[in-house]
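Spelled out from the first residue to the last, the chains are:
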Amino acid sequence: MNRDSLTGAALCTSGMIILGGSFSLSRLLLDYPMLTGQAMRYALAAALLAALPRLFPRLRGAATRPSGRDLLVLAGVAVFGLALFNTLLLIALDHADAAVVGTVVGAAPLGLALTGPLLRRERPAARLVVAALIVVGGTALVHGTGAADTVGTLAALGTLVCEVMFSLLAAMVLPRLGAVRVSAYSCALAVPMLAVAALLAGEASALRPPSATETLTLLYLAVMMTVVAFLAWFTGLARLGVERAGMFTGVVPAATLVAASLQDHTLPGLSQVLGVLVVASGLVLGATGAATGPRPARDRRVDPGERQAVRAVSGSGHVPA
């Protein structure tokens with residue numbers, strides 16, 4: 001792996017570790033209107049992301065504004081990756097065991113390994129497909145098995161589609177807009193979508209000020225799980241390409257397992273530990289293969305703001321220097 005690939009892998013891993021660790025923490029919001037809380041989280045994240053270039057002028061990069069086509073793609077990122085993803089996930093968890101939902105959504109590496117090249121009218125790389133299959137198998141071991149009805153299964157499959165579309169659509173605009181703008185616009189566009197969904201779900205009648213614990217949790221989700229994790233993921237995605245970056249979604253169940261074990265003071269089961277090792281072997285297999293997809297960052301003009309975002313995230317202690 002060259003330096004760009006190592007940086008991309010480190011960023012993607014960091015983003016997925018933050019994401020996986022936040023799932024366990026999100027249990028502290030179970031008593032708060034979920035869609036309303038998500039809208040609040042993304043509104044705060046959008047404000048922070050918009051403020052970053054003002055506070056740190058070097059983050060502005062080129063004065064590139066999204067075109068009409070870019071805004072449509074960004075709206076797709078917001079619809080699939082944020083609003084619809086969260087809505088379908090809630091439906092799935094209401095009609096299926098968490099293990100089933102986690103296993104289905106854990107197939108995202110395989111989906112990206114197949115669809116990324118096909119959209120470029122190329123053949124999927126056999127090594128990456130095999131690596132993705134190994135990661136998916138390890139994810140299934142971590143999550144285990146469970147029960148689901150038809151609605152739960154369909155909602156889980158829809159959540160998987162949203163997960164894949166999130167990265168595919170973001171990859172279309174990242175070279176032009178950079179990680180900061182893609183993150184900011186997608187968060188801002190998701191807020192009205194989630195607000196409408198909350199109204200349709202009848203959350204207005206249950207609306208109340210969050211407690212101190214809920215407020216701290218929402219702040220963490222906005223700052224770490226959204227701002228930091230999004231910048232890390234999108235920057236790594238731009239460097240690795242969707243199919244290689246997609247494998248790192250397999251880090252999520254392992255990070256979730258570790259966070260839950262620490263929070264609940266319990267040790268994971270043998271099959272879960274084995275699943276983490278299987279995921280790791282798949283990541284090593286995929287990461288050591290030849291680079292695929294778009295040219296690496298050193299072969300294209302990199303937005304100075306994107307480069308500064310990499311340095312900012314790396315300097316925060318979440319990504320190895």
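What comes next concerns the included structure. (Residues numbered from 1 in each chain as written. Predicted model: local features only at pLDDT ≥ 70, side-chain atom pairs only at ≥ 80, totals over all residues. Heavy atoms only, no water.)

1. So, the overall build of the protein
What counts here: Helix and strand definitions follow DSSP, with helices as H or I runs of at least four residues and strands as E runs of at least two, each counted in order from the N terminus. Per-residue accessibility, obtained with a 1.4 Å probe over protein chains only, is compared with the maximum for each type, and a residue is labelled buried under 20%, exposed over 50%, and partly exposed between these values. Any two residues whose heavy atoms approach within 4.5 Å at even a single point are treated as in contact. Each accessible area is a Shrake-Rupley result for a 1.4 Å probe, and residues are judged covered by the shown protein chains and nothing else.
For the protein, the helix and strand inventory stands at twelve helices and zero strands. In the protein, which comprises 321 residues, the share counted as buried stands at 50%. Considering only contacts within the protein whose residues lie at least 6 apart along the sequence, 90% involve residues at least 24 apart. Accessible surface, the protein: about 14,700 Å² in total, of which carbon and sulfur atoms supply 68%.

2. Digging into the environment of threonine 235
Along the chain, the position of threonine 235 falls in helix α8 (residues 212-240). On the basis of relative accessible area, threonine 235 is assigned to the buried category, the value being 1%. When the C-alpha atoms of threonine 235 and leucine 174 are compared, they prove to be 8.1 Å apart, with 61 residues separating the residues in sequence.

3. Overview of the nonpolar core
The condition that has to hold: Take the buried Ala, Val, Leu, Ile, Met, Phe, Trp, Tyr and Cys residues and link them wherever side-chain atoms come within 4.5 Å; each set so joined is a nonpolar core.
Within the largest apolar cluster, 59 residues are counted, with the highest numbers of intra-cluster contacts made by Leu174, Val182, Trp233, Phe234, Leu237 and Phe248. The element best represented in this core is helix α7 (residues 150-200), accounting for 17 residues. Membership of the second largest hydrophobic core comes to seven residues, among which are Ala96, Val101, Val105 and Ala156.

4. Details of the packing of helix α2 (residues 34-55) against helix α3 (residues 68-95)
The condition is simple: To obtain an axis, a line is fitted to C-alpha atoms, over the contacting stretch when the element is a helix, and the angle between two such axes runs from 0 to 180 degrees between their N-to-C directions. Small angles under 35 degrees read as roughly parallel and large ones over 145 as roughly antiparallel, with 65 to 115 read as roughly perpendicular and the rest as oblique. In this scheme the crossing of two helices becomes right-handed for a clockwise turn of the near helix relative to the far one and left-handed for an anticlockwise turn of less than a right angle.
α3 packs onto α2 with a crossing angle of 155° between their chain directions and a minimal axis gap of 11 Å. With respect to their mutual orientation, α2 and α3 come out roughly antiparallel. Judged by the twist between their axes, the crossing of α2 over α3 is right-handed. Residues Met34, Leu35, Gln38 and Tyr42 of α2 touch α3, and the partners they reach there are Leu82, Asn86, Thr87 and Leu90.

5. Description of the pattern of salt bridges
Selection criterion: The working definition used for a salt bridge is a side-chain nitrogen of Lys or Arg within 4 Å of a carboxyl oxygen of Asp or Glu.
On inspection of all chains with the given rule, the structure shows two salt bridges. Notably, a salt bridge pairs aspartate 70 with arginine 176, separated by 2.5 Å at the nearest N-O pair. Separated by 106 residues along the polypeptide, aspartate 70 in helix α3 and arginine 176 in helix α7 bring together distant segments of the chain. The partner of glutamate 214 in a salt bridge is arginine 208, with the nearest N and O atoms 2.9 Å apart. Residue arginine 208 is classed as partly exposed on the basis of its relative accessible area of 32%.

6. Digging into the packing of aromatic side chains
For clarity, the threshold we go by: Only the six-membered ring of Trp is used, alongside the rings of Phe and Tyr, when aromatic pairs are assigned; centres must lie within 6.5 Å, and planes under 30 degrees apart are stacked while those over 60 apart are edge-to-face, with the rest tilted.
Under the definition given, this model contains three aromatic pairs. Taken together, a centroid distance of 5.9 Å and an interplanar angle of 55° make the contact between phenylalanine 166 and phenylalanine 230 tilted. Of the two residues, phenylalanine 166 sits in helix α7 while phenylalanine 230 sits in helix α8, which places them 64 residues apart along the sequence. Given a relative accessible area of 9%, phenylalanine 230 falls into the buried group. Note on phenylalanine 230 and phenylalanine 234: the rings are 5.7 Å apart at their centroids and 70° apart in plane angle, and the pair reads as edge-to-face. In this pair, phenylalanine 230 and phenylalanine 234 are both assigned in helix α8, four residues apart and thus about one turn of the helix distant. By the ring-pair criterion, three or more aromatic residues cluster together here, those being Phe166, Phe230 and Phe234.

7. Remarks on the packing of α2 against α8
Note the following rule: Polar here means any residue other than Ala, Val, Leu, Ile, Met, Phe, Trp, Tyr, Cys and Pro, which are nonpolar, and Asp, Glu, Lys and Arg, which are charged; Gly is therefore polar.
At their nearest, the axes of α2 and α8 sit 9 Å apart, and the two run at 55° to each other. Judged by the inter-axis angle, α2 sits oblique to α8. At the point where α2 passes α8, the crossing takes the right-handed sense. Every residue of α8 that contacts α2 at Gly37, Met40, Arg41, Tyr42, Leu44, Ala45, Leu48, Leu49 and Leu52 is listed here: Leu218, Leu219, Leu221, Ala222, Val223, Met225, Thr226, Val227, Phe230 and Leu231. Partitioning the contact of α2 with α8 into residue classes produces 16 nonpolar, two polar and one charged.

8. Concerning the side chain of glutamate 203
Formally: Under this rule, positive means Lys or Arg and negative means Asp or Glu; His and the chain ends count for nothing. Between N or O atoms, a polar contact is any pair within 3.5 Å; within protein, one atom must be a potential hydrogen donor and the other a potential acceptor, and residues adjacent in sequence are included only when both atoms are from side chains.
Mapped onto the secondary structure, glutamate 203 falls in the loop between α7 and α8. Of the buried charged residues, glutamate 203 lacks a salt bridge, with arginine 208 as the closest side chain of opposite charge at 11 Å. In this structure the side chain of glutamate 203 is engaged in a polar contact, spanning 3.1 Å, whose partner is the backbone nitrogen of leucine 35. Every residue in contact with glutamate 203, bar those within four places of it in the chain, is listed here: Pro33, Met34, Leu35, Thr36 and Ala198.

9. Structural notes on the environment of aspartate 4
Position of aspartate 4 relative to the elements: it lies in helix α1 (residues 3-25). Sequence separation between aspartate 4 and arginine 239 is 235 residues, and the spatial gap between their C-alpha atoms is 6.6 Å.

10. Structural notes on α8
An α-helical turn contains 3.6 residues, so a residue and the one three or four places further along point in the same direction. Rule in force here: Under the convention used throughout, the expected extent of a helix is 1.5 Å for every residue step, that is, one less than its residue count. Axes are fitted to the seven residues ending at a residue and to the seven starting at it; the angle between these axes is taken as the bend at that residue.
Look at α8: 39 Å from first C-alpha to last across 29 residues, which is about the 42 Å you get at 1.5 Å a residue. At alanine 229, α8 shows its maximal kink, close to 35°. Extensive coverage of α8 is indicated by the burial of 22 of its 29 residues.

11. Details of a nonpolar patch on the surface
We apply this condition: Patch definition: residues with relative accessible area over 30% and no salt bridge; like charges joined within 9 Å; nonpolar side chains (Val, Leu, Ile, Met, Phe, Trp, Tyr) joined within 5 Å.
Among the surface-exposed residues, Leu141, Val273, Leu274 and Leu277 lie close enough to one another that they form a single nonpolar patch of about 330 Å² accessible area. Here the nonpolar patch takes three residues from helix α11 (residues 270-287), the largest share from any one element. Mapped onto the fold, valine 273 is located in helix α11. Judged by relative accessible area, valine 273 falls into the partly exposed class, the value being 37%.

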